[in-house]
Amino acid sequence: MSTAIPHYVVVLLQESLPAWGVTGVVSRSADGGLEVRAAAAHLHITRAPAGLPFRWLVGDGGRSRAVSGVPGLLRTVRASIDASYRPIAVRIAALPLAP
Amino acid sequence: MIPIWVLTGFLGSGKTTLLGRLLKSPGFSRTAVIINEFGEIGLDHDLIETSDESFVALQTGCLCCAVRDDLVLTLEDLLRRRAAGMAPPFERVVIETSGLADPAPILHALMLGPSFVGQFVVAGVVTTVDAVNGWRTLDHHPEAIKQVAVADRLLLTKTDLLEMPASGLTARLAALNPAARLLSASFGDVEANRLFDLACEAKAPAELARWLTVRALGEAAQHGHVHDAEIASIAIVRERPMHAVGLTLLLEVLAEHCGGDLLRLKGLVNIAECPQRPAVIHGVQHVFHPPAWLDRWPSQDRRSRLVLIGRNLRQAWIEALLTALETEVSELDGGATKLAATGED
């Protein structure tokens, strides 16, 4: 499996910053990961190693957080770069698969 | 189920006059009316002549912030009285909010009332707009803009006082909420069933189609339109059916990141797991109705269509979000999708 962050994640994060009203830059790093620079934060996003029940790792300074999918990735990135963000524990009940 | 309509509109926009007229019309019979008045001394209910025992006035607080519990208790009490034969067998409930009310918390209370399940259904929001003073009201009162933005039906009142057509105002209303049906009334005169019909809106394909085929699916499908107070309407169209878990995650992320800025969301979705019956989704801010399933597709068009109205929403972000979620769900197809559905990290 490629270690590069897929394009759809790049686009999503690039669109997320203006959607959140945050000024910053999203760019690819030499290791195939992503750099997010906004406010005083400098995040480094990579794929989680194979075998772990996570999809992405978000590095912030010396700390790294593992997230299992796009919702968790957005929550973690925004919490790091948007001082006005107040995470709320919203859980939508899974849509029934049949009427 | 008994449809509940919320009647809102800014101070002086003609809500009470409208109700006063409707209560005298045969088409409005079998309707329970709840009036919310803000202030220690309520006046509005005295301005409406009725002897109907299903008429209730809620006083001393604004529905949207102080008396939501009272509203729920009142509705439960109405149901009990109806079942016991102590109230007329009403077939519809209309709740008139105070003029300064934010309709969203009221809708939340109605959508989340656990005792209502299977008994009441939120049919929609009717917002009155003063044809003479509406433009100025929208300029100066953000509450009025929100009342317009969440509406299913907009009623232009006092049109008898106009010296010339209110085309500028109607264009502004259409820009603020392209999905709402625009009606007009003079002297509060409008047919009850045109405003507060007895059909459950989520099950009425024609009503839903209005939401899903307005300009939002035309030029706005390419880019969101920004209007008053940064309120935009956005349309999302997907040719391919969506996985149920993808839709669930989309709603979760929208609720989490847009919160109060997402004023309304409606959609007709082709769920990959049940493609023969479209799912109707409906949300106000961070609260979503359980999906309603139509018996069949209302037309040959089987694309998934979502319309969002909100403040500072960006079409490009929502499109990118949906693409990312759909792609990730496809990649995780299998048992791992269950983990992603929790959103845990």
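In this text the structure is predicted, and so the values were computed from the model without any measurement.

Asks: Which parts of the structure should I look at to understand the overall build of chain B?
Replies: Looking only at helices and strands, chain B has 11 helices and 14 strands in total. Residue burial in chain B is summarised as follows: out of 345 residues, 50% are buried. Across chain B, the fraction of contacts at a sequence separation of at least 24, relative to all contacts at a separation of at least 6, is 77%.

Asks: Looking at this structure, how should I read the overall build of chain A?
Replies: On a plain count of helices and strands, chain A comes out with two helices and five strands. In chain A, the succession of helices and strands from N to C terminus is α-β-β-β-β-β-α. The 99 residues of chain A split such that 34% are buried. If you take every contact in chain A between residues at least 6 apart in sequence, the share linking residues at least 24 apart comes to 28%.

Asks: Would you explain the pairing of strand 10 (residues 262-269) of chain B in this entry?
Replies: All names here are of chain B. Strand 10 sits mainly inside the fold: eight of its eight residues count as buried. Strand direction decides the pairing type here: strand 10 and strand 14 (residues 304-311), joined by six bridges, are antiparallel. Bridge assignment links Leu262 to a residue of strand 14, and that residue is Gly310. Relative to strand 11 (residues 279-284), strand 10 runs antiparallel, the two sharing five bridges. Bridging across to strand 11, Lys266 finds its partner in His282.

Asks: Explanation requested: the sheet that holds strand 4 (residues 56-60) of chain A in the structure shown.
Replies: Strands in a sheet are paired, the pairing made by backbone hydrogen bonds, and the direction either parallel or antiparallel. All names here are of chain A. The sheet built from five strands is open, its strands ordered 1-2-3-4-5 with antiparallel pairing. In the strand order of this sheet, the two ends are held by strand 1 (24-28) and strand 5 (63-67), each with one partner. Taking each pair of neighbouring strands and ignoring which way they run, the sheet shows an average axis angle of 20 degrees. In the sheet, strand 2 (residues 34-38) pairs with strand 3 (residues 41-47) via five bridges, with the strands oriented antiparallel. Bridge assignment links Leu34 to a residue of strand 3, and that residue is Ile45. This element, helix 1 (residues 7-19), spans strand 1 and strand 2 of the sheet and lies at about 170 degrees to strand 1.

Asks: Would you mind showing me how to read helix 1 (residues 15-22) of chain B here?
Replies: In an α-helix, one turn spans 3.6 residues, which is why side chains three or four residues apart end up on the same side. Residue and element names in this part refer to chain B. Taken together, the buried positions of helix 1 are Lys15, Thr16, Leu18, Leu19 and Leu22. Along the axis of helix 1, the buried positions cluster into a sector of 160 degrees, meaning they face one direction only. Of the surrounding secondary structure, the elements contacted by the buried residues of helix 1 are strand 1 (2-9), strand 2 (31-36), strand 4 (92-96), strand 5 (120-130), strand 6 (153-157) and helix 7 (192-195).

Asks: Any chance you could explain the environment of Phe196(B) here in plain terms?
Replies: Residues and elements named next belong to chain B. Here Phe196 shows up in the loop between helix 7 and helix 8 (205-213). Taking the C-alpha atoms as reference points, Phe196 and Arg153, separated by 43 residues in sequence, lie 9.2 Å from one another. In this structure, Phe196 is in contact with Trp5, Arg92, Val94 and Val126, ignoring residues within four places of it in sequence.

Asks: Can you walk me through unusual backbone geometry in this structure?
Replies: Excluding glycine, a negative phi dihedral is what most residues carry, and trans is how most peptide bonds are arranged. Positive phi, close to 50 degrees, is recorded for Ala39(A), a residue that is not glycine. Relative to the helices and strands, Ala39(A) is located in the loop between strand 2 and strand 3. Under the C-beta neighbour-count criterion, Ala39(A) is labelled exposed, with 12 such atoms within 10 Å. At Lys158(B), a residue that is not glycine, the phi angle is positive and equals roughly 60 degrees. Inspection of the secondary structure assignment puts Lys158(B) in the loop between strand 6 and helix 6 (167-176).

Asks: Is there a simple way to explain the nonpolar core in this structure?
Replies: One broad rule of soluble globular proteins: the nonpolar side chains tend to lie buried together. With 113 residues, the main nonpolar core has Ile4(B), Val148(B), Leu250(B), Leu308(B) and Leu321(B) as its most contacted residues. When residues of this core are assigned to their parent elements, the largest contribution, 10 residues, is made by helix 9 (residues 244-258) of chain B. Every residue in contact with Leu321(B), bar those within four places of it in the chain, is listed here: Leu12(A), Leu250(B) and Val253(B).

Asks: Help me understand the environment of Ile5(A), please; the structure alone is not making it clear to me.
Replies: You can see Ile5(A) is positioned in the segment before helix 1. Setting aside residues no more than four positions away along its own chain, Ile5(A) makes contact with Val10(A), Gly32(A), Gly33(A), Leu34(A), Ile45(A) and Arg47(A).

Asks: Is there a simple way to explain the packing of helix 2 (residues 70-81) of chain A against helix 9 of chain B in this structure?
Replies: Axes are the key here: two packed helices are described by the angle between their axes and the distance separating the axes. Running from N to C, helix 2 of chain A and helix 9 of chain B cross one another at 15 degrees; their axes reach a closest spacing of 10 Å. When the interaxial angle is binned, helix 2 of chain A and helix 9 of chain B end up roughly parallel. Handedness of the crossing formed by helix 2 of chain A with helix 9 of chain B: right-handed. In this structure, helix 2 of chain A contributes Pro71(A), Leu74(A) and Arg75(A) to the contact, and helix 9 of chain B contributes Leu249(B), Glu252(B), Val253(B), Glu256(B) and His257(B).

Conventions adopted
- Residue indices begin from 1 for each chain and proceed along its sequence in written order.
- The lettering of chains begins at A and the numbering of ligands begins at 1, in the order of writing.
- Per-residue local features of the predicted model are confined to residues with pLDDT of at least 70, and side-chain atom pairs are confined, for both listing and counting, to 80 or more; whole-chain, interface and lining totals are unaffected and use all residues.
- Only runs of H or I of at least four residues qualify as helices and only runs of E of at least two qualify as strands under DSSP, and these elements are numbered from the N terminus.
- Residues are called buried when their C-beta atom has 20 or more other C-beta atoms within 10 Å, exposed when it has 12 or fewer, and partly exposed otherwise; all C-beta atoms are positioned from the backbone.
- Any two residues are considered in contact once their C-beta atoms, placed from the backbone, lie within 7 Å.
- Paired strands, as defined in this entry, are two strands with at least two bridges between them according to DSSP.
- To get an axis, fit a line to the C-alpha atoms, keeping to the stretch in contact for a helix; angles then go from 0 to 180 degrees between the N-to-C directions.
- Directions pointing from the helix axis toward each C-beta atom define the arc.
- Put simply, a nonpolar core is a cluster of buried Ala, Val, Leu, Ile, Met, Phe, Trp, Tyr and Cys residues tied together by C-beta atoms within 7 Å.
- An angle below 35 degrees is treated as roughly parallel, one above 145 as roughly antiparallel, one from 65 to 115 as roughly perpendicular, and anything else as oblique.
- In this scheme, a crossing is called left-handed if the near helix is turned counterclockwise away from the far one by less than a right angle; it is called right-handed if the turn is clockwise.

By themselves, these are just geometric observations and shouldn't be taken as functional.
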